[in-house]
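Each chain, written out:
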Amino acid sequence: VEKKQMSEELEKELVLQIMTMPADTNPQGKIFGGFILSKMDQAAGILCGNYDYVTKAVNNVVFHAPVDIGDVLQCYAKIKNRGTTSLTIKVNVHVKDTYNTLVCEGEYIMVRTDNKGRAVPNE
Ligand SMILES: CC(C)(COP(=O)(O)OP(=O)(O)OC[C@H]1O[C@@H](n2cnc3c(N)ncnc32)[C@H](O)[C@@H]1OP(=O)(O)O)[C@@H](O)C(=O)NCCC(=O)NCCS
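Residues numbered from 1 in each chain as written. Predicted model: local features only at pLDDT ≥ 70, side-chain atom pairs only at ≥ 80, totals over all residues. Heavy atoms only, no water.

## What about helix α2 (residues 33-48)?
The first and last C-alpha atoms of α2 sit 23 Å apart over 16 residues, in line with the 22 Å expected at 1.5 Å per residue. Every buried residue of α2 is accounted for by Phe35, Ile36, Lys39, Met40, Ala43, Ala44, Leu47 and Cys48. If you follow the buried residues of α2, they end up packed against β1 (13-19), β2 (53-63), β3 (72-82), β4 (86-95) and β5 (102-112). Positive backbone phi, approximately 90°, marks Gly49, located one or two places after α2. (Helix = DSSP H or I, 4+ residues; strand = E, 2+ residues; numbered from the N terminus. Expected span 1.5 Å × (residues − 1). Buried < 20%, exposed > 50% of the residue type's maximum accessible area, 1.4 Å probe, protein only. Contact = heavy atoms within 4.5 Å.)

## Focus: the pairing of β3
One face of the sheet, then the other: side chains in a regular strand alternate in exactly this way. Strand direction decides the pairing type here: β1 and β3, joined by six bridges, are antiparallel. In the strand pairing of β3, Ile18 is matched with Leu73. Bridge count between β3 and β4: nine bridges; the pairing is antiparallel. When the sheet's bridge partners are listed, Tyr76 is paired in β4 with Asn92. (Pairing = 2+ DSSP bridges.)

## Some remarks on the side chain of Asp71
Along the chain, Asp71 falls in the loop between β2 and β3. Buried charge Asp71 goes without a salt bridge, the closest partner of opposite sign being Lys30 at 7.4 Å. Here Asp71 is in contact with Ile18, Met19, Thr20 and Val95, once residues within four sequence places are set aside. (Lys, Arg positive; Asp, Glu negative; His and termini not counted. Salt bridge = Lys/Arg side-chain N within 4 Å of Asp/Glu carboxyl O.)

## So, a nonpolar patch on the surface
On the surface, Val58, Val61 and Phe63 cluster together into a nonpolar patch covering about 220 Å² of accessible area. Residue placement: Val61 occurs in strand β2. Residue class for Val61 comes out partly exposed when judged on its relative accessible area of 31%. (Patch = residues over 30% accessible without salt bridge, like charges linked within 9 Å, V, L, I, M, F, W, Y side chains within 5 Å. Areas by Shrake-Rupley, 256 points an atom, 1.4 Å probe, with all protein chains shown as cover.)

## Topic: the pattern of salt bridges
Within this structure, the stated rule accounts for six salt bridges. In this structure, Asp68 and Lys30 form a salt bridge, with 2.5 Å as the shortest nitrogen-oxygen distance. Placement of the pair is Asp68 in the loop between β2 and β3 and Lys30 in the loop between β1 and α2, with a sequence separation of 38 residues. Taking the relative accessible area as the measure of exposure, Asp68 reaches 33% and is therefore partly exposed. Ionic pairing is found between Arg118 and Asp114, a salt bridge with its closest N-O pair at 3.1 Å. When salt bridges with common partners are traced through the structure, they connect Asp52, Arg112 and Glu123 into a single cluster.

Take a look at the structure:
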């Protein structure tokens, strides 16, 4: 199991890094979950490789640990499944600390669209 987890981690690409700021907090002073989700969405979009993709669904999101102001978030992403019009992108967010703490994960369903916004097959 350990080996499998390790190879899955290696397949993931670091697609986005960001330093969290005071404006990104919730009333408890921790980083707002919606802020993290928007960064994951951007990471999924970047991994799709072009601007043809829109976010259709976000599944299985789990927030594992709180994030503090000044923490550097690292979004790792990989293509988990290629459908007809969709790509399922697994995104893991780690804090850049000694432990590389996993703080959030989720699956972003990205659908390829044409210039009229209709779903079209992946290339
Ligand atoms: C994207 C859009 C064009 C797709 O329209 P559609 O023709 O009805 O297509 P569907 O949503 O039925 O299916 C598209 C793909 O998404 C998949 N899908 C849809 N809902 C899903 C869900 N909840 N979980 C996983 N996959 C899902 C379908 O299985 C299909 O995949 P496949 O072609 O690879 O088999 C349309 O829904 C849209 O414009 N949505 C708004 C997108 C947007 O503005 N996003 C920005 C965030 S607000």
